[in-house]
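Coordinates in review
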Amino acid sequence: MIFSKPSEDNINQETIGEVSEESLVEELEAEQSAVSKVKVCEAPLRPSIISEGFEFVGELKAPHGNVTIDGVFKGTLQVKALIIGATGHLQGDVQAKSITLKGEINGAVDVDELQVAANARIDGKTTYQDLTIARGACVLGELKRR
Amino acid sequence: MEDTNLYGNLEVGEGVVIKGDCDAPGRVVISGEWIGKIKAEALEVARGGVVDGEIYAAQMDIRGVLRNQVHCSGFLMIRQSGLIDGQVHYSEVEVEKGGVMTGQLHRTKN
């Protein structure tokens, strides 16, 4: 086995390291569509990714971590920085410091900084501190400012 | 004062408080305070301006405060200093960073 230093540009490269284990575990669990809990990630390293085509059902807690959702997430999410890609769909409750939304959110959102891109959609009860919405976005439901 | 009053337009200056209904075929610019109903083609609320009531417009550019019932059949733009509170109906919306939008939002597709 060759141990190589994880490089900055190869985020998806499967190297042996403490972070890849987390994302590997997540991808496996997401693939099986099982209800599961993920360990709390303390190290602010590479994002955990729920890729397109994967469905995650359950509770995800990463209060110091980053999560990127390109697939389907159903459940509760507690994260520091969340990016929902154009193909991403989140159904449930989210609590985050920052959310960049290019896909869809259905549910209760509690965030410090919310950025909604064009073609994105957010539906439900949203509580925010800072809000940016691009033209073309679809924002529905209740908005509240902390 | 320069006579720039074009047909269909209404401008409420800073410090002016109006209570009533308005139906303007053109552009309405509020720098003061308006309590009541406004129906316009384009509505601009300047920074420091306050509109409280039933507001209908095709285009909205908000730098001040807009309260109550807001119906924008076209493009609703909330600037950095803008604040909207209430029942908001829009077709397209954009919120600049710093802008505040609270209440219930509804989207009408035109």
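In this convention, every chain numbers its residues from 1, walking through the sequence in written order. Naming scheme: in the order in which they are written, chains are lettered from A and ligands are numbered from 1. Residue-level local features of this predicted model are given only where pLDDT is at least 70; pairs of side-chain atoms are given and counted only at 80 or more, and the full residue set underlies all totals for whole chains, interfaces and linings. In computing side-chain properties, one takes all heavy atoms of the structure into account and sets aside hydrogens as well as water.

Notes on the overall build of chain B
Applicable threshold: A run of H or I in DSSP counts as a helix once it spans at least four residues, and a run of E counts as a strand once it spans at least two, with each numbered from the N terminus. Atoms considered for the radius of gyration are the C-alpha atoms alone. The globule rule reads 2.2 Å times the number of residues to the power 0.38. Only heavy atoms enter the contact rule, under which two residues are in contact if any of them lie within 4.5 Å. The protein chains shown are the only cover counted for residues, whose accessible areas, like all others here, come from Shrake-Rupley with a 1.4 Å probe. When charges are tallied, Lys and Arg are placed among the positive residues and Asp and Glu among the negative ones, while His and the ends of the chain are skipped. Where a charge sits is defined by one atom per residue type, namely NZ (Lys), CZ (Arg), CG (Asp) or CD (Glu).
A tally of helices and strands in chain B yields zero helices and nine strands. Mapped in sequence order, the helices and strands of chain B form the string β-β-β-β-β-β-β-β-β. Here the C-alpha radius of gyration of chain B, 13 Å, is about what a compact globule of 110 residues would show, namely 13 Å. In chain B, of all internal contacts separated by at least 6 residues, the share reaching a separation of at least 24 is 1%. Working note: accessible area of chain B is about 5600 Å², and carbon and sulfur atoms make up 45% of it. Where the 11 positive side-chain charges of chain B centre and where its 16 negative ones centre are 7 Å apart.

Thoughts on the overall build of chain A
Using the following cut-off: Buried residues are those whose accessible area, probed at 1.4 Å on protein chains only, stays under 20% of the maximum for their type, while exposed residues exceed 50% and partly exposed ones sit between those limits.
Regarding its fold elements, chain A presents one helix and ten strands. Element order for chain A, N to C, with α for helix and β for strand: α-β-β-β-β-β-β-β-β-β-β. Per-residue burial for chain A yields a buried fraction of 38% across its 146 residues. Considering only contacts in chain A between residues 6 or more positions apart, those separated by 24 or more positions represent 7%. For chain A, the exposed area adds up to about 7800 Å²; of that, 50% sits on carbon and sulfur atoms.

Remarks on the interface of chain A and chain B
For clarity, the threshold we go by: Buried surface area refers to the total accessible area, computed with a probe of radius 1.4 Å, that the two partners give up upon joining, counted for both partners together. In protein, a polar contact means a hydrogen-donor-capable atom and an acceptor-capable atom, both N or O and within 3.5 Å, with residues adjacent in sequence counting only if both atoms are side-chain atoms; elsewhere, any N or O pair within 3.5 Å suffices.
Listed by partner, the interface residues are 18 residues for chain A and 18 residues for chain B. Interface area for chain A against chain B, summed over the two sides, is near 1500 Å², with a carbon-plus-sulfur share of 46%. By the criterion of area lost to chain B, the three top residues of chain A are Ile133, Arg135 and Leu143 of chain A, representing 34% of everything that side buries. Counting across the chain A and chain B interface gives eight residue pairs in polar contact (both at pLDDT 80 or more).

With respect to the packing of aromatic side chains
To keep it simple, the criterion reads: Stacked, tilted and edge-to-face are the three classes applied to pairs of Phe, Tyr and Trp rings, where Trp contributes its six-membered ring and a pair requires centres within 6.5 Å; stacked means planes under 30 degrees apart, edge-to-face means over 60, and tilted covers the rest. We call a charge positioned above a ring when the Lys NZ or Arg CZ atom is no farther than 6 Å from the ring centre and deviates by at most 35 degrees from the ring normal.
Considering all chains together, one arrives at one aromatic pair over all chains under this definition. With a centroid separation of 5.1 Å and 10° between ring planes, the pair formed by phenylalanine 56 of chain A and phenylalanine 73 of chain A is classed as stacked. Highlighted residues: phenylalanine 56 of chain A in strand 3 (residues 55-69) and phenylalanine 73 of chain A in strand 4 (residues 72-84), separated in sequence by 17 residues. As far as burial versus exposure is concerned, phenylalanine 56 of chain A and phenylalanine 73 of chain A are alike and both buried. The positively charged end of arginine 135 of chain A is found above the aromatic ring belonging to phenylalanine 75 of chain B, 3.6 Å away from the centroid.

Details of the pairing of strand 6 (residues 65-78) of chain B
All names here are of chain B. Note the threshold: Note: two strands are recorded as paired if DSSP finds a minimum of 2 bridges between them.
Relative to strand 6, strand 5 (residues 50-62) runs parallel, the two sharing twelve bridges. Along strand 6, the bridge assignment pairs glycine 53 with asparagine 68. As defined by bridge partners, strand 6 adjoins strand 7 (residues 83-90) across seven bridges and the pair is classed as parallel. Each residue of the ladder has a partner; that of valine 65, found in strand 7, is leucine 83. Note: strand 6 against strand 8 (residues 92-95), four bridges, orientation parallel. Residue pairing in the sheet places leucine 76 in a bridge with valine 93 of strand 8.

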